[in-house]
Each structure stands twice: as C-alpha cells, then as structure tokens.
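Reading the structure
Residue-level listing of the chains:
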Amino acid sequence: MISSFFSKTKPINYLVLLIFLLVFYLINLFTVQVEIGNIILLISFLIAILLQVIGVQEIVRTRKITNPTSFSMLFFVLLCMAIPQVVNNKEVVFCNLFLMLSINRLLALKNLKQVKQKIFDATLWICVASIFDSWVLLFLIVVFLAVYVYGTKEFKNWLVPLVAITFFLLLMWAFLILTKNIGFLEEHYIFPISRNFSNDFIQNFSIKPFVYIVVVISLILIVFIKQGYQGVGRIVHLRLLLVYFLVAIITFIVQTVEANNYILILYSFFPAAVFATNFIETFKRKRLKELVLVICVLFPFVLLLVDIIK
C-alpha cells in the first residue's frame, strides 16, 4: 500500500507528508525542549522544513535523479522525524535550505546552459548559508567539482566561484558597516579544530548518527553497483551527490567534536534521501519493498517512544 501510494507524484502525496511531519512535530512539543513561547519563530522553522520537503521533490523531478515517484520526499520527511530537535535550531534549518538551493543549481549544470550564472548562484547560496554556519563553506568543494565535471572547456568557469565569493564579501562588508557590526566577519568565520580531536570525537559522538552514516554508505555502495551495471545516465548526478554527502558528514564531524550536536547531520539528508530512493527502486519484489517501507515509516516513532521512556 505504501509503495503504491508513493510510487506516484500527486498533490495528495505532498499533503499527506506535510501533515504527517506537522503532526509529528506537534507531538514532539511535549517531549523535547522547544521554545513554545516564541510561536512565530517556531512556525518559521516549520515553514523552512516544509519548503525543504517540497524542494526535495522538485529537485529530483526536474533533474531526473530518481524515477518519477514521491519516495525521495518520503525519506527526507522520515529522516527529519528521526531527529525532531531540529525544529528548535533555526541556524541549521535555514542553512540547509540555502544548501539545497545551491545543489539544485549545480545539478542543473548538466544541460550546459547558462553555466556561469548557475555556478555563480550556487556559490552565492553557499556563502549565504555560511552566515548561519561558517563550516558550510566546505561545500565549495562541491562547486569546484561540478565545474570540473560540467564546465572544464572554458577556463573562465573556474573563476566564477571566486567572483561570487568576492561579491558576497563586498555586500556583507557594506551591510556590516551600515549596521556598525564590522567585527562579525572576524568573530563568525573561525574554524576551530580541537587539539585532542580523536578523544573529543569519541566522547561526543553518539550512536544514532553513527548507525545512520553506516546505513547510508551501505546504500550508496549498492546504488552505485546497480546503477553502474545498468548504465543509467543519472550516474554523474549521483557522483556529485556522493561528494555532497561526504562533505556534509565532514562538516558534521568537525563540529560534533566541539559539542554533541548531531542536529547538524541534517545537511546530509537530501543526498541520503536520493540514494535511499534509488535503492528502493532496485527492488523487484513488491512485498519486499512494502516491508522495507513499513519499517522505515515505523522507525521514527520507535525512536520517539525510546526518547519518551528515557
């Protein structure tokens, strides 16, 4: 039933998932520490998450990195539900929204139209995301990889990210002068690395993100084996998303060393949802696919029950 329902892309799919996510977070208001008093801020968080859910489906549909189903949107929602604390972290939520805008522009490079504009936009969105989390500048690696994959024929394409960064810095500098907050750049764009990295990492790293990373990497390996064997044309997009996922995990790890803040793993949810969708599409037996989807849907509620018991 679940596989049949989400194998199509209709308005009802959007509505069901959005209501599903909203209800889940309303339930979690009683189990996690959320600033209920600031209703406007809470609503803005939810809107940002809902926009990302819709954005996931639009990206996979327009860039054709999965079959025309709603599975990517489903998996993204399930991942968000697995860590409901994200609703109380505006920096992470809004940062991820801009990162998704960036990867959307990079995936659009495949048609080789308006290449410079797309590279500029992608770089600029990452710079905007860095206002919320300076470490996401590591995603510029994905930009230069995309330039290498799609735009190596013209040397000027390699300079576009530098132009976008300069443009962002000039705008930011002008804004900070007007607001008399020039020290923001020096205070915000710092990248501390613990001297006792390994010890701090072991101490702060929790089991939940570790299991998540292992599972997603396993899915990625299976997907690349299957897609490579079948010779599907989306393989280039998947390689770009693989790097995006790895950069997201690195960004998560270097900051988890400082504090046990596994909410940052939200950055990796979009590529994880795409790979999970490509994985579920490899199933030929409908009953097996249905069983896997049922387990995936029930899993966030099991985690919620465990949190309540604790």
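Please refer to the structure higher up on the page.
All residue numbers here refer to positions counted from 1 along the written sequence of the relevant chain. For this predicted model, a pLDDT threshold of at least 70 governs which residues receive local features, and a threshold of 80 or more governs which side-chain atom pairs are given and counted, while totals over whole chains, interfaces and linings are taken from all residues. Working from all heavy atoms in the structure, the side-chain values ignore hydrogens and water.

**Section: unusual backbone geometry**
Of note in this structure, Lys64 is not a glycine but carries a positive phi near 55 degrees. Tracing the sequence through the fold places Lys64 in the loop between helix H3 (39–63) and helix H4 (71–82). Even without glycine at this site, Gln114 takes up a positive phi of about 50 degrees. Checked against the element boundaries, Gln114 lands in the loop between helix H5 (90–107) and helix H6 (115–129). In this description a helix means any DSSP run of H or I spanning at least four residues, a strand means any run of E spanning at least two, and both kinds are numbered starting from the N terminus.

**Quick word on a nonpolar patch on the surface**
Residues Phe5, Ile12, Leu15, Val16, Ile19 and Val23 make up a contiguous nonpolar surface patch of about 470 Å² in total accessible area. If you trace the backbone, Ile12 turns up in helix H2 (residues 11–28). Patch membership needs two things, relative accessible area over 30% and no salt bridge, and members are linked within 9 Å if like-charged or within 5 Å if nonpolar (Val, Leu, Ile, Met, Phe, Trp, Tyr). In short, Shrake-Rupley with a 1.4 Å probe defines the accessible areas, and a residue's cover is counted only from the protein chains shown. Salt bridge, as applied in this entry: a Lys or Arg side-chain nitrogen positioned within 4 Å of an Asp or Glu carboxyl oxygen.

**Focus on the side chain of Glu281**
Tracing the backbone through its elements, the reader meets Glu281 in the loop between helix H13 (269–280) and helix H14 (286–309). Residue classification places Glu281 among the buried positions, given a relative accessible area of 17%. Setting aside anything within four residues of it in sequence, one finds Glu281 in contact with Thr66, Asn67, Thr69 and Arg234. In this scheme, a residue with accessible area under 20% of its type's maximum is buried, one over 50% is exposed, and one in between is partly exposed, where area comes from a 1.4 Å probe on protein chains only. Residues count as neighbours in contact if any of their non-hydrogen atoms are within 4.5 Å of one another.

**Re the nonpolar core**
Within the largest apolar cluster, 95 residues are counted, with the highest numbers of intra-cluster contacts made by Phe139 and Phe270. For Phe270, the residues in contact, after removing those within four places along its chain, are Val56, Ile59, Val60, Ile65, Phe76, Met100, Ile103 and Leu241. To form a nonpolar core, buried Ala, Val, Leu, Ile, Met, Phe, Trp, Tyr and Cys residues must be joined to one another through side-chain atoms within 4.5 Å.

**Looking at the pattern of salt bridges**
A complete count under the given rule lists 3 salt bridges for this structure. A salt bridge links Glu58 to Arg61; the nearest nitrogen and oxygen atoms lie 2.7 Å apart. Taken together, the residues Glu58 and Arg61, both in helix H3 and 3 residues apart, mark about one turn of the helix. Residue Arg61 is classed as partly exposed on the basis of its relative accessible area, which comes to 47%. Across the pair Arg105 and Asp121 runs a salt bridge, and its minimum N-O distance is 2.9 Å. Placement of the pair is Arg105 in helix H5 and Asp121 in helix H6, with a sequence separation of 16 residues. Accessibility classification places Arg105 together with Asp121 in one group, the buried group.

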